[in-house]
Amino acid sequence: TGCFTYDPGFTSTASCESQITYIDGNAGTLLYRGYPIEQLAEHGDFLESCYLLLYGELPTKAQKDDFVNRVTYHTMIHEQMSRFFTGFRRDAHPMAIMVGTVGALSAFYHDSTDISDPHQRMVASLRMIAKMPTLAAMAYKYHVGQPFVYPRNDLDYASNFLHMCFAVPCEEYKVNPVLARAMDRIFILHADHEQNASTSTVRLAGSSGANPFACIAAGIACLWGPAHGGANEAALNMLAEIGSVDNIPEYIARAKDKNDPFRLMGFGHRVYKNYDPRARIMQKTTHEVLAELGHRDDPLLEVAMELERIALSDEYFVEKKLYPNIDFYSGITLRALGFPTTMFTVLFALARTVGWIAQWKEMVEDPSQKIGRPRQLYTGAGPRDYMPINQRR
Ligand code: CMC
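In this text, all values refer to a predicted model and were calculated from it rather than measured experimentally.

Novice: What should I look at first to understand the overall build of the chain in this one?
Specialist: Per the secondary structure count, the chain includes 17 helices and three strands. Taking 21 Å as the expected radius of gyration for a compact globule of 393 residues, we find that the chain reaches 22 Å, a close match to that expectation. C-alpha atoms of the chain, sized along the principal axes, occupy 75 × 55 × 50 Å. Each of the 393 residues in the chain was classed as buried or not, and the buried ones make up 50%. Relative to all contacts within the chain whose residues are 6 or more apart in sequence, the contacts with residues 24 or more apart total 75%. Total accessible area on the chain is roughly 19100 Å²; 52% of this is exposed by carbon and sulfur atoms.

Put into structure tokens, the structure is as follows:
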């Protein structure tokens, strides 16, 4: 008993006050610190969005240069960390590697675990943003059985990441600027999304005073699930399973069938009851990448576009306000960029790290912050007496 509001899935509970990201789900609007995602993705780059999310304002040229320098300074990871990777089974899922290695950063960067020091909080933020691409690329390299590639600090953030993933010894690798721009845009689109499950997990973990690396590891664990960050992997697998436009009606019928657990992956959203603004930009990016690579007639793109067209004119999806979300098109783009599906959620985690860390900082710096401690409605047995084992039936 008790006077608690029961709100399963927190559909109508605000867990915090925040000045970082605003979503109007009915209008299909997403703003970072007041700036529309469309403008940031079109005109800015990822590190500029990182600065904006962390500090609240777009940087001047001098501030941007200084920020890029400070992030770049931290791109290396401690050499001993590479032993963590080789300790994993060869076929480990890269997300499992990420959960482990990001948590392990706490054991290498002790100075940044002092969350009472504002300077160390900022150093931890820079370290996380800088080291995530390095760790993600190492998870990829380990996954495909190739040697690790060190960061190249002369390259921009996205180009350096592509280089660490796709460069191989004894072969020249030149980053394609169109693909690097697409990668950067994917990072911008995923950078923050207010109090989603993984961000709430980071905040809850952080509310106990846990160090930022441990909190981000908790966020990565939460992101892994197919209802959240794992949806991009699930959406691509679904498009591949559908295989051809002729099979679409069968899958639409399955998605509508209450007795079939199948859902259209990359469709629907807890907050957006309109087209996800990120999905629109993602779709455009998909076309740009496929055109650049000469894959214009990718059969999965054809399936995706036809599936979207049919679903958007189907009464079930219209009535329930189910629209494509960011994950619907991102998988096709990531696959075209050369990533296996198992890496998709890792890339989401890489980009979302800045959102997690900005939200964590905001929480830690909020004087009204308390440890998160939800209550429950108890529905179990009433008080009863212990029974010795020989008397139990
Ligand atoms: N296909 C078919 N029916 C659906 C779908 C779908 N993708 N999504 C929701 N529905 C139906 C659902 O069956 C329910 O019907 P009814 O009211 O008759 O029981 C109704 O729509 C509401 O669904 P819900 O599960 O109660 O809604 P929710 O807000 O709890 O779930 C969601 C949101 C994103 C988990 C869900 O739409 C879903 O499972 N989508 C597929 C997975 C996906 O694409 N996830 C990525 C989300 S965006 C990226 C991110 O934030 O991580």
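Still to come is the rest of the account.
Novice: How do you make sense of the pairing of strand β2 (residues 29-32) when you look at a structure like this?
Specialist: Along any regular strand, the residues point their side chains to alternate faces of the sheet. Taken together, the four bridges between strand β1 (residues 21-24) and β2 define a ladder with antiparallel strand orientation. Note that in β2 the partner of Thr 21 across the bridge is Tyr 32. Inspection of the sheet shows β2 paired to strand β3 (residues 35-36) by two bridges, in the antiparallel sense. Bridging from a neighbouring strand, Tyr 32 pairs with Tyr 35 of β3. Between β2 and β3, which pair antiparallel in sequence order, lie two residues; one of them, Arg 33, sits at a positive phi of approximately 50°.

Novice: Whenever I open this one, the environment of Ser 112 confuses me. Can you help?
Specialist: Here Ser 112 lies in the loop between α5 (94-104) and α6 (118-144). Ser 112 sits in the buried class, given a relative accessible area of 1%. Distance in space between the C-alpha atoms of Ser 112 and Asn 176 is 35 Å, their sequence separation being 64 residues. In this structure, Ser 112 is in contact with Gln 120, Val 123, Ala 124, Arg 127, Pro 212 and Phe 213, ignoring residues within four places of it in sequence. Among the polar contacts made by the side chain of Ser 112, one reaches the side chain of Gln 120 at a distance of 3.4 Å.

Reading guide: rules and limits
- Residues numbered from 1 in each chain as written.
- Predicted model: local features only at pLDDT ≥ 70, side-chain atom pairs only at ≥ 80, totals over all residues.
- Heavy atoms only, no water.
- Helix = DSSP H or I, 4+ residues; strand = E, 2+ residues; numbered from the N terminus.
- Rg over C-alpha atoms; globule rule 2.2 N^0.38 Å.
- Buried < 20%, exposed > 50% of the residue type's maximum accessible area, 1.4 Å probe, protein only.
- Contact = heavy atoms within 4.5 Å.
- Areas by Shrake-Rupley, 256 points an atom, 1.4 Å probe, with all protein chains shown as cover.
- Pairing = 2+ DSSP bridges.
- Polar contact = N/O pair within 3.5 Å; in protein donor to acceptor, adjacent residues only side chain to side chain.

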